[in-house]
Amino acid sequence: TLQKMKLRQLCRAPQAMEAALRGAVGASFSGDVTETLQKIAAQGSEESFRGALDAVLQESVSLSDSRPLLMELVSYMQSLPAERYEAVAPVLLEKLEIRAVGFNEAIVKLREDLGDFFERAGRFRDAANCLAEVPFVSAVRSENQKYLLEMHVRVANLLLRAQDIVRAEGFLERAGALIGSDTEPSMRLRVKVCNANISDAKLNFTKAAQLFLEAAQADAQTLTVRPAPRSDSTRTQT
């Protein structure tokens, strides 16, 4: 088709990317590449949005051009109405994951945003499924364990709220393996409380009660009480 022919002509220059983008979506959108892509995300059909993404994600487009453009798009889409965001965000995620190696940062950010979106909507299973893939994105595997631990605990809690106890327990077990000597007490407490909630959901009330007690004791130990500053009248006179 004419559209595919235009896309094949894409080269590394931003001007060529803009030309290919115009060819992919027609003349109904105007402005620079960033503005055009955002307009399509907000107002265009799914077909035009897919065509625009194909234009930007062509292998002949330099990553130094496409990567910041798509990161900006991921952030921009959070301002879209909920119904529109739910329609276009999965399309962008699908397209990004085709070229995952070059767009790890955008994929992680988009999955985090989608997870937040689904959680706010009370769609806990969808949120968990979206976030569950984040630890396996290649750029995340080597990141600090604090982030990975936090993500595993969050997914476990979401699965628990979705009443998927088996998967919740699996993610919590993986979270436990990430706990190290430098893990903050607050994170250890979150793991223990999640474990207690899983035991409660499995009707293991004795274990749940013990874990809740341990969590309460651990929480109390982390509290620090600072003495109130003395007034002038109570200071030692010299």
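Relevant structure appears above.
Quick notes on the rules
- Residues numbered from 1 in each chain as written.
- Predicted model: local features only at pLDDT ≥ 70, side-chain atom pairs only at ≥ 80, totals over all residues.
- Heavy atoms only, no water.
- Helix = DSSP H or I, 4+ residues; strand = E, 2+ residues; numbered from the N terminus.
- Contact = heavy atoms within 4.5 Å.
- Areas by Shrake-Rupley, 256 points an atom, 1.4 Å probe, with all protein chains shown as cover.
- Salt bridge = Lys/Arg side-chain N within 4 Å of Asp/Glu carboxyl O.
- Buried < 20%, exposed > 50% of the residue type's maximum accessible area, 1.4 Å probe, protein only.
- Core = buried A, V, L, I, M, F, W, Y, C linked by side-chain atoms within 4.5 Å.
- Axes fitted to C-alpha atoms, helices over the stretch in contact; angles between N-to-C directions.
- Parallel < 35°, antiparallel > 145°, perpendicular 65-115°, else oblique.
- Left-handed = near helix turned anticlockwise from the far one by under 90°.

## Describing the overall build of the protein
Link 1 in the chain: Assigned secondary structure in the protein consists of 13 helices and zero strands.
Link 2 in the chain: Element order for the protein, N to C, with α for helix and β for strand: α-α-α-α-α-α-α-α-α-α-α-α-α.
Link 3 in the chain: If you take every contact in the protein between residues at least 6 apart in sequence, the share linking residues at least 24 apart comes to 55%.
Link 4 in the chain: Surface summary for the protein: the accessible area is close to 13500 Å², and the carbon and sulfur share equals 52%.

## Considering the pattern of salt bridges
Link 1 in the chain: In this structure the tally under the stated criterion is 16 salt bridges.
Link 2 in the chain: Measuring nitrogen to oxygen at the nearest pair gives 3.2 Å for the salt bridge that ties Glu35 to Lys39. In this pair, Glu35 and Lys39 both sit in helix 3 (residues 33–43), four residues apart, roughly one turn of the helix.
Link 3 in the chain: The class for Glu35 is partly exposed, based on a relative accessible area of 36%.
Link 4 in the chain: Residue Glu97 is joined to Arg111 by a salt bridge in which the shortest nitrogen-to-oxygen separation is 2.9 Å. Here Glu97, found in helix 6 (residues 82–98), pairs with Arg111, found in helix 7 (residues 104–120); they are 14 residues apart in sequence, far enough to count as distant.
Link 5 in the chain: Relative accessible area serves as the criterion here: at 35%, Glu97 is assigned to the partly exposed category.
Link 6 in the chain: You can call Arg111 buried: its relative accessible area is 9%.

## Observations regarding the nonpolar core
Link 1 in the chain: Counting residues in each nonpolar core, the largest one holds 58 residues, and the members touching the most others are Phe49, Leu70, Met77, Leu92 and Leu110.
Link 2 in the chain: The element contributing the most residues to this core is helix 10 (residues 145–161), with nine residues.

## A closer look at the packing of helix 5 (residues 63–77) against helix 6
Link 1 in the chain: Relative orientation of the contacting elements helix 5 and helix 6 amounts to 160 degrees, with a least axis distance of 11 Å. Relative to helix 6, helix 5 is oriented roughly antiparallel. Crossing hand, helix 5 versus helix 6: left-handed. Residues Leu70, Leu73, Val74 and Met77 of helix 5 touch helix 6, and the partners they reach there are Tyr85, Val88, Ala89, Leu92 and Leu96.

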